[in-house]
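Each chain is listed here by its residues.
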Amino acid sequence: MSTATLFNERAILSFIALPLDGSYHPSPTAEPVDFLKRHLHHLPPHLVAQFSLVTTPKQRAAIPTVRNRRLKYAESDPTDLSFTAARNTWPTLWEGRERRGIEEGKDEKDWAQHEFLHGSTKHVGKLGDLLGGYEEEREAERVRSIRREEAAKEEFIPEEDESDSDDDDDEVSNALASLDFESEGDQRISFLRRIKERFIYGLLENMNYDAIDWDESLDTENDREAEERWFDDEEED
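Since this is a predicted model, take the numbers as computed values, not measurements.

## A word on the overall build of the protein chain
Part 1 of the argument: For the protein chain, the helix and strand inventory stands at 12 helices and 0 strands.
Part 2 of the argument: What you see in the protein chain, going N to C, is helices and strands ordered as α-α-α-α-α-α-α-α-α-α-α-α.
Part 3 of the argument: In the protein chain, the proportion of contacts linking residues at least 24 apart, taken out of those at least 6 apart, comes to 61%.
Part 4 of the argument: For the protein chain, the computed accessible surface area is about 15,900 Å², with 50% contributed by carbon and sulfur atoms.

## Description of empty space enclosed by the protein
Part 1 of the argument: By the definition in use, this model includes 1 cavity of 30 Å³ or more.
Part 2 of the argument: In this structure, the largest cavity spans a volume of roughly 30 Å³.
Part 3 of the argument: Forming the boundary of the largest cavity are Leu40, Leu43, Val48, Arg69, Trp214 and Glu216.
Part 4 of the argument: A breakdown of the residues in the lining of the largest cavity according to their chemical character gives 4 nonpolar, no polar and 2 charged.

## What about unusual backbone geometry?
Part 1 of the argument: Cis peptide bonds are those with omega within 30 degrees of zero, and the linkage from His25 to Pro26 qualifies with 5°.
Part 2 of the argument: Phi at Ala17 takes a positive value of approximately 55°, unusual for a residue other than glycine.
Part 3 of the argument: Structurally, the position occupied by Ala17 is in the loop between helix 1 (9–15) and helix 2 (32–39).
Part 4 of the argument: Given the relative accessible area of 63%, Ala17 is considered exposed.

## Here we look at the packing of aromatic side chains
Part 1 of the argument: According to the stated counting rule, one finds 8 aromatic pairs in the structure shown.
Part 2 of the argument: The interplanar angle of 85° and the centroid separation of 6.3 Å between the aromatic rings of Tyr24 and Phe35 together place this pair among those described as edge-to-face. Within this pair, whereas Tyr24 is found in the loop between helix 1 and helix 2, its partner Phe35 is found in helix 2, the two being separated by 11 residues in sequence. Note on accessibility: Tyr24 and Phe35 belong to one class, buried.
Part 3 of the argument: An aromatic cluster is present here, built from Phe7, Tyr24, Phe35 and Phe51 joined pairwise through their rings.

## Considering helix 2
Part 1 of the argument: Turning to helix 2, its buried residues are Pro32, Val33, Phe35, Leu36 and His39. Buried residues of helix 2, seen end-on, are gathered within an arc of 160° and therefore sit on one face of the element.

## Thoughts on the environment of Ile200
Part 1 of the argument: Tracing the chain through its elements places Ile200 in helix 10 (residues 184–200).
Part 2 of the argument: Judged by its relative accessible area of 14%, Ile200 falls in the buried class.
Part 3 of the argument: For the pair Ile200 and Ala74, spaced 126 residues apart in the sequence, the C-alpha separation amounts to 8.1 Å.
Part 4 of the argument: Setting aside chain neighbours within four positions, we find Ile200 in contact with Ala61, Arg67, Arg70 and Leu71.

## Digging into the confidence of the model for the protein chain
Part 1 of the argument: Residues with a pLDDT of 70 or more make up 54% of the protein chain, whose mean pLDDT is 75.
Part 2 of the argument: Confidence drops under a pLDDT of 50 for residues 154–160, and excluding neighbours within four residues, the segment shows 2 contacts in the predicted structure.
Part 3 of the argument: For the stretch residues 176–180, pLDDT sits under 50, and the model shows 1 contact to residues farther than four places along the chain or on other chains.

## Observations regarding the pattern of salt bridges
Part 1 of the argument: Throughout the structure, instances matching the rule amount to 5 salt bridges.
Part 2 of the argument: Its salt-bridge partner being Arg60, residue Asp210 comes within 3.0 Å of it at the nearest N-O pair. Remark: Arg60 occurs in helix 4 (residues 57–60) and Asp210 occurs in helix 11 (residues 209–213); sequence separation between them is 150 residues.
Part 3 of the argument: Looking at Arg60, the relative accessible area reads 0%, which means it is buried.

## Examining the side chain of Thr55
Part 1 of the argument: In this structure, Thr55 sits in the loop between helix 3 (45–48) and helix 4.
Part 2 of the argument: In this structure Thr55 comes out as buried when scored by relative accessible area, which is 7%.
Part 3 of the argument: In terms of polar contacts, Thr55 uses its side chain to reach the backbone carbonyl oxygen of Phe51, at 2.6 Å.
Part 4 of the argument: One polar contact links Thr55 to Arg60, side chain to side chain, over a distance of 3.0 Å.
Part 5 of the argument: Not counting residues up to four positions away in its chain, the partners in contact with Thr55 are Pro32, Val33 and Arg60.

Rules behind the numbers
Each chain carries its own residue numbering, running from 1 in the written order of its sequence. This being a predicted model, a pLDDT of at least 70 is required before a residue's local features are given, and a value of 80 or more before pairs of side-chain atoms are given or counted; all residues contribute to the totals for chains, interfaces and linings. Think of the side-chain values as coming from all heavy atoms in the structure, minus any hydrogens and water. Working definition: helices are DSSP H or I runs of at least four residues, strands are E runs of at least two. Numbering for both runs from the N terminus. Here, two residues are considered to be in contact whenever any of their heavy atoms come within 4.5 Å of each other. To measure how exposed things are, a 1.4 Å probe is used in the Shrake-Rupley method; for residues, cover is taken only from the protein chains shown. Using a 1 Å grid laid over the protein atoms alone, points where a 1.4 Å probe fits but cannot get out form a cavity; open sets with protein on both sides within 12 Å along at least 5 of 7 lines form a pocket; any residue with an atom within 4 Å of a point counts as lining. Grid points are joined across faces, edges and corners, and a volume is the space filled by probe spheres set on the points. The classification used treats Ala, Val, Leu, Ile, Met, Phe, Trp, Tyr, Cys and Pro as nonpolar, Asp, Glu, Lys and Arg as charged, and all other residues, Gly among them, as polar. When a residue's accessible area, from a 1.4 Å probe over protein chains only, is under 20% of the maximum for its type it is buried; when over 50% it is exposed; and in between it is partly exposed. The pairing test for Phe, Tyr and Trp rings, Trp by its six-membered ring, is centres within 6.5 Å, and the orientation test on the planes gives stacked under 30 degrees, edge-to-face over 60, and tilted for anything in between. Along the arc lie the directions from the helix axis toward the C-beta atoms. A score from 0 to 100, pLDDT tells how confident the predictor is in each residue. Throughout this description, the term salt bridge denotes a Lys or Arg side-chain nitrogen within 4 Å of a carboxyl oxygen of Asp or Glu. In the analysis that follows, any N or O atom pair within 3.5 Å is treated as a polar contact, provided that within protein one partner can donate a hydrogen and the other can accept it, and provided that, for residues neighboring in sequence, both atoms belong to side chains.

So, in structure tokens, the structure goes:
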């Protein structure tokens, strides 16, 4: 293992003039979340980023500054948390029932019509339709595959007696009939809210949390003032 991937507790403690004999608590190694709650603003980016080695995004959600940074990032409407990107990255969280891959297929069709052979009209229309259809089917199959994998992870549910099954089916049908289903617009709003909540609490897979959690530019003015006060107090001591 290279030294670049090792957690350097000594360098972290030395930077903020803390004891190196193991007497300081919370310990950066043994209690990294508690340590960051107290000292996150006192460390430079190259040192604070090392805490990615000893914490998970979910654990870091307990740190107020990290949650605030994630919230500010989410409120900036980033591309990776947009509806289309989120639906493609986390398809099992989207409960809509529209055909999948439509937007991806449209991109392929647009490319064929405007970029392929500089937009020459001969055969381009058919090629665009063909590529669009292929891309739509690829995306739909990708989503089906992910959902099959998720279903396989679920615990086995014992079969019920047939006598009870018919009654349950009737109850479910009656319940569904009485539901006021959300419109597609409402579904999108609910989906994006769920995505942002899961993002803030460190529950999204395939998300680059490190780039956000250690980004000082996402701090509020109050956070920066608290950091400056701490260093001023240190100089006075």
